[in-house]
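Tertiary structure, described
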Amino acid sequence: MIGFSKATHYAFFFNSIVYGRINEHLTRNLDTLYKCISTKDMNAESLLNESEPNEDLSKITPHFPNTFNLASYINHSEVLQNLLHIKVNLSKIETKPHLIDKLLKVNKEQLQKYVYFLKDYVSMDDLGNFITKNPMIFYESLDDLQIRINYLQSKNFTKSQIQRVVSKNPFWLMFSTTRIDRRLGYFQNRFNLSGNEVRELTTKQAKLITYNSQHIKTNTFVIREEMGFDDKELKKLILDKPKLLMINQLHLLERFKYIHNVMNIDHSSILRHPGVLLSRNFRVKQRHLYLKKLGRDQYDPKKANYIPLIALAEGTDIDFCKVYAKCDIYAFNTFLKTL
Amino acid sequence: MKLRDAASAYKALNGLVCIYKPTCVSVERVLHCIRTNLCRDLNGLPDRPGELRVAVEGPTNKPMTVKLVPNYADDPLVCGPRYIAEDIKCSWATHLGLFSSGVLLVGLNQGTKLTYLINTARLTRCYKISGLLGKATDTYFWNGKLIEKATIGHVTRPKIDEIVAHMQAAHQKTMFELSGVHMESQTMFDLASEGLIRPANSKLPVIYGLKCVAFDPPHFTLEVQAVNEYEKYLWTLIHDLGIQLKTAAHCTGVQCIRQGKFDVSLALLRKHWKLEHFIDNMDQCRIVLEEHEQLMRPESAILSG
């Protein structure tokens, strides 16, 4: 049951790249062999007689046909084996054939240099994931990478913060310092952040800074204009849950509409538990309906039997039933089967 | 049941499972979710030991060494995960519309043959349809545009019951008409004396039972037993009921609570769509199927079960 990934639809033509180096050494040997085959009868005895008896033929490989995936090369390619040892998921990279061509041209010394550089910022466990996500890192010059790290240091990011940013967002180092500077400047101006807050935001959700800027603008619009939070509240939301800017705008609005219009929760309560906007709508909906059925849907902290809003989104159903609904999980499951 | 390894778990995945389909999630999405969840769980189980390969090494002009070395090509990181979605065959027995919720029978691997049998056996399905009196929409469902408002003060439980009983009688009459036998013949009399009959083809919806189970104006709920029905047909039923009650109505929810002998208590909720639950559920479904084997291969037109 070996599953080949979708890449099998693409045929790769890179055997010449792997064997290119070997072939150079072998041309002479092959030439003698071809001569034997063409001039003499093709029996092994005559072949043996013609070729020099003491010559080492172990480097001659059989003809290698075009292949559909990297699995057929890995037993012969040291670079690929090294990548495997640091747990790079080659089957995932394979789904993008243009990356494979580039990856196969990387030599051992280059690989060593980059891994040596990256290990200061990415832990060994995350390194495989890092290269899986961003194999093109080998094509950025090491000086550039150092400059980009230096930039973060110049902006007073601590060492642990830099490590978190680089390992959480493998594409961070691909962005030039001017681009990163522009992005950080955008966030600082748009949301009125102080220097510390920018650093906090970047460390908390490093992907946000390099995210599609159009998407971020749309979600900011949704939160400000369609959901009706003002600039101060927006800033608090972003610093608390930066992911709100990265999720689908339609889902975000749908969740807000349910919580605000159907459950009648005001903006300040949502602001207290913004995590509720990150949970899929059906989860909030089914827990709310159950509480409503039990008569426990009381989300006002000033009154008795207060249920925090976040309880609708987080934790397992078992915990929810035990702590907030105060009922049996089976009763909750039976209720879910009536929806 | 304790799962030892992925291979034995995959072998156990042959049969029918009973799923609780949530509303606003299409059947295709449900099947996709089942497939990806199963692959995730199978790939998480202990894997078989890695393959070895025979390597003949050393220069050819000296004695060469033959040894067994690990085969890198067999590593899941190189050749991809052991189980992918395409490895799991998955099919539904009878379709449920996007806005319907409830019991959905799904066949996995060899079980896809069972879903075909269930589909052709045309098991009766039991629905709870909830409606709202006083408003009509252009799609007959809550997602449509409001096109009409009407008063509902005159609607009472006995009135609904009367009209519902009338509708049921009308449907039972058409059931005999659609059987293809002449209405005035002795054959028809013999057939009708046996009880309800199943439809001759899979195209025309037939309703066997219709009952109002809850009435709390403006909300009400009907319970329907039917064959060959589809989502939109059930919506129109509510719309027609509204017109006959001299008011307007639209449907607010369709829930399938039983299909044949598979009822909602057997169904797996969305949070339980995991490998171990599927295997448990498959065993339960197998017991139900063995107890009611005649349901799958009906021999006469008489409706049973």
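Residues numbered from 1 in each chain as written. Chains lettered and ligands numbered in written order. Predicted model: local features only at pLDDT ≥ 70, side-chain atom pairs only at ≥ 80, totals over all residues. Heavy atoms only, no water.

Here the focus is the interface of chain A and chain B. Tallying the contact residues gives 33 residues for chain A and 33 residues for chain B. Of the roughly 2,600 Å² buried at the junction of chain A and chain B (both faces included), carbon and sulfur atoms supply 56%. The interface formed by chain A and chain B holds one salt bridge in total. Taking the shortest distance from any N to any O, the salt bridge between A:D317 and B:K271 comes out at 2.8 Å. In this assembly, chain A and chain B are joined by 16 residue pairs in polar contact (both at pLDDT 80 or more). Put simply, the parts of the chain that give the side of chain A that touches chain B at least two residues each are α3 (78-85), α4 (90-93) and α19 (329-336) of chain A. (Contact = heavy atoms within 4.5 Å. Buried area = accessible area lost by both parts, 1.4 Å probe. Salt bridge = Lys/Arg side-chain N within 4 Å of Asp/Glu carboxyl O. Polar contact = N/O pair within 3.5 Å; in protein donor to acceptor, adjacent residues only side chain to side chain. Helix = DSSP H or I, 4+ residues; strand = E, 2+ residues; numbered from the N terminus.)

Bringing the packing of helix α5 (residues 157-177) of chain B against helix α7 (residues 231-244) of chain B into the picture now. All names here are of chain B. Contact geometry for α5 and α7: axes closest at 11 Å, N-to-C directions at 130°. Here α5 lies oblique to α7, going by the angle between them. Seen from above, α5 lies across α7 with right-handed handedness. Side by side, α5 and α7 meet where I163, V164, M167 and H171 of the first sit next to Y233, L237, D240, L241 and Q244 of the second. (Axes fitted to C-alpha atoms, helices over the stretch in contact; angles between N-to-C directions. Parallel < 35°, antiparallel > 145°, perpendicular 65-115°, else oblique. Left-handed = near helix turned anticlockwise from the far one by under 90°.)

Another aspect to go through is the domain arrangement of chain B. Looking at the assigned domains, one finds that chain B contains domain 1 (1-46 + 82-123 + 266-305), domain 2 (48-81) and domain 3 (124-259). The straight-line distance from the C-alpha centre of domain 2 of chain B to that of domain 3 of chain B is 68 Å. (Domains from an automatic or database assignment.)

Residue and element names in this part refer to chain A. As a packed pair, helix α17 (residues 281-294) and helix α18 (residues 317-325) sit with axes 12 Å apart at the nearest point and diverge in direction by 30°. Accordingly, the angle class assigned to the pair α17 and α18 is roughly parallel. In this structure, α17 meets α18 at a crossing whose hand is right-handed. Of α18, the residues touching α17 (which contributes R287, Y290, L291 and L294) are D317, F320 and A325. Here the contact of α17 with α18 is built from residues that sort into five nonpolar, no polar and two charged. (Nonpolar A, V, L, I, M, F, W, Y, C, P; charged D, E, K, R; others polar.)

Glancing now at the packing of aromatic side chains. Residues and elements named next belong to chain A. Under the counting rule described, the total for this entry stands at 15 aromatic pairs over all chains. Ring geometry for F117 against Y121: centres 5.6 Å apart, planes inclined by 50°, an arrangement best described as tilted. For the pair formed by F117 and Y121, the shared burial category is buried. On the numbers, 5.0 Å between centres and 45° between planes, the contact of Y290 with F335 is tilted. One end of the pair, Y290, is in helix α17; the other, F335, is in helix α19, and 45 residues separate them in sequence. Comparing Y290 with F335 shows no difference in burial state: the two are buried. These aromatic residues form a ring-pair network of at least three members: Y290, F320, F332 and F335. The ring centre of Y139 lies 5.2 Å from the NZ or CZ of K102, which sits over that ring. When the ring centre of F320 is taken as origin, the NZ or CZ atom of R287, which lies over that ring, is 4.8 Å away. (Phe/Tyr/Trp six-rings, centres within 6.5 Å; stacked < 30°, edge-to-face > 60°. Buried < 20%, exposed > 50% of the residue type's maximum accessible area, 1.4 Å probe, protein only. Lys NZ or Arg CZ within 6 Å of the ring centre and 35° of its normal.)

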